[in-house]
Amino acid sequence: MAALVVLATLAGAGSASAGLADRVGATFGLMAEDFIKASQPVEGTIVSVDGNRMFVDLGEATGAQPGQELTIYRKGEVFHHPLTGRPLGRYEEHLGHAQVRRVFPQFSESTFVALPDRPAPDAGDGARVSRGRIKVAVTPLLDLSQSGADVRRVPYLIASALERSKRFVVVDPLAVTDMFAGGTLRVEEVLARPERAMRVARNLELTGWIVPVLIERQGILYLDVTWISAITGGALMSRRDAVLPSSTAEEQRFPWEPRAED
């Protein structure tokens, strides 16, 4: 509800500014499916480990996607119901994370990121993308095109598209915007300084950052969106598309949004 109030307030900005924000939001709407696919729950088993390279039996048929971040774990002893003695599950030891780099028909290759003081993974250990919703934060739009437009609505539009997928929980964009406005962190640091991105992400209990950037190349505006891991500070995936023209963006608008005035 708070996000809707802020959106309605910001809609009163200049017509050209509002129009560009809508176009950027509609452009991300066409990208969102790629981010949703990369976050789909999967469950597999490690088949081989070679240094920090890991091979998992998650291939194209299982929905594995480059850019997925897997939790690596080792199954422990079975635990039982204290009264009935019925087995309820197994204890698990979290070993680290693996970032999927390449996907083949029957398996995928990942880069392993170890947790401190945990044993090294081995064949037979588990790998998964949790079925739980993934908590992310959307940074303010970094406008490198020098458009001068008011694009403050963009994080709310991106957050709405991600929330509607039911795979993401998005931190309140207003709180995130206030944090950046207060000088705690700069958008450029999220992209270029992994240690800063990771430190702030831990404070917010994030899994990752969604970083939208507006750039211009040969007179064409592009929206570039990168998913930054809160575990390593590295980029998991990035998508770039030309910003939709006004007429097309109008068709892509979310039904609850105020109509653009340009």
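Everything below is about the structure printed above this text.
Residues numbered from 1 in each chain as written. Predicted model: local features only at pLDDT ≥ 70, side-chain atom pairs only at ≥ 80, totals over all residues. Heavy atoms only, no water.

**Student:** What exactly am I supposed to notice about the pairing of strand E7 (residues 134–138) here?
**Tutor:** In terms of residue burial, E7 counts as a mostly covered element, since four of its five residues are buried. Inspection of the sheet shows E7 paired to strand E9 (residues 168–170) by three bridges, in the parallel sense. Following the sheet pairing, Lys135 is matched in E9 by Val169. Bridge count between E7 and strand E10 (residues 208–217): three bridges; the pairing is parallel. Bridge pairing in E10 places Val136 opposite Gly208. (Buried < 20%, exposed > 50% of the residue type's maximum accessible area, 1.4 Å probe, protein only. Helix = DSSP H or I, 4+ residues; strand = E, 2+ residues; numbered from the N terminus. Pairing = 2+ DSSP bridges.)

**Student:** What's the story with the side chain of Ser145 in this structure? I'm lost.
**Tutor:** Mapping Ser145 onto the fold places it in the loop between strand E8 (142–143) and helix H3 (154–164). According to the relative accessible area criterion, Ser145 is buried, its value standing at 11%. Within the structure, the side chain of Ser145 is placed 2.5 Å from the side chain of Asp143, a separation counted as a polar contact. Setting aside its immediate chain neighbours within four residues, Ser145 contacts Leu214, Ile215, Glu216 and Leu221. (Polar contact = N/O pair within 3.5 Å; in protein donor to acceptor, adjacent residues only side chain to side chain. Contact = heavy atoms within 4.5 Å.)

**Student:** Please explain the environment of Ile220 as it appears in this structure.
**Tutor:** Looking at the element boundaries, Ile220 is found in strand E11 (residues 220–229). Given the relative accessible area of 39%, Ile220 is considered partly exposed. Placed 22 residues apart in sequence, Ile220 and Ala242 show a C-alpha to C-alpha distance of 6.9 Å. With sequence-adjacent residues up to four places away left out, Ile220 is seen in contact with Ile215 and Ala242.

**Student:** Just checking my understanding: could you explain the packing of aromatic side chains for this structure?
**Tutor:** The description of an aromatic ring pair uses the distance of the two centres, along with the angle that the planes make with each other. According to the stated counting rule, one finds seven aromatic pairs in the structure shown. By the ring-pair criterion, three or more aromatic residues cluster together here, those being Phe28, Phe35, Phe168 and Trp227. Seen from the ring of Tyr73, Arg128 lies directly overhead, with NZ or CZ sitting 4.0 Å from the centre. (Phe/Tyr/Trp six-rings, centres within 6.5 Å; stacked < 30°, edge-to-face > 60°. Lys NZ or Arg CZ within 6 Å of the ring centre and 35° of its normal.)

**Student:** Please clarify how the pairing of strand E2 (residues 53–56) should be interpreted in this entry.
**Tutor:** When a strand is regular, its side chains alternate between the sheet's two faces. Two strands pair when backbone bridges link them, and strand E1 (residues 42–50) and E2 are joined in this way by four bridges, in the antiparallel orientation. In the sheet register, Ser48 faces E2, and the bridge partner there is Phe55. Between E1 and E2, which follow one another and run antiparallel, lie two residues, and Gly51 among them has a positive phi close to 65°.

**Student:** Can you walk me through helix H6 (residues 194–204) in this structure?
**Tutor:** Within H6 the residues assigned to the buried category are Arg196, Ala197, Met198, Val200 and Ala201. If you follow the buried residues of H6, they end up packed against helix H4 (173–181), helix H5 (187–192) and E10. Count one or two residues on from H6 and you reach Glu205, which has phi positive near 60°.

**Student:** Is there a simple way to think about the environment of Gln40 in this case?
**Tutor:** Position of Gln40 relative to the elements: it lies in the loop between helix H2 (15–38) and E1. For Gln40 and Ile134, which are 94 residues apart along the polypeptide, the C-alpha to C-alpha distance reads 9.9 Å. In this view, Gln40 contacts Gln68, Val129 and Arg167; residues no more than four positions away in its chain are not counted. At a separation of 3.0 Å, a polar atom in the side chain of Gln40 contacts the main-chain carbonyl oxygen of Ile36.

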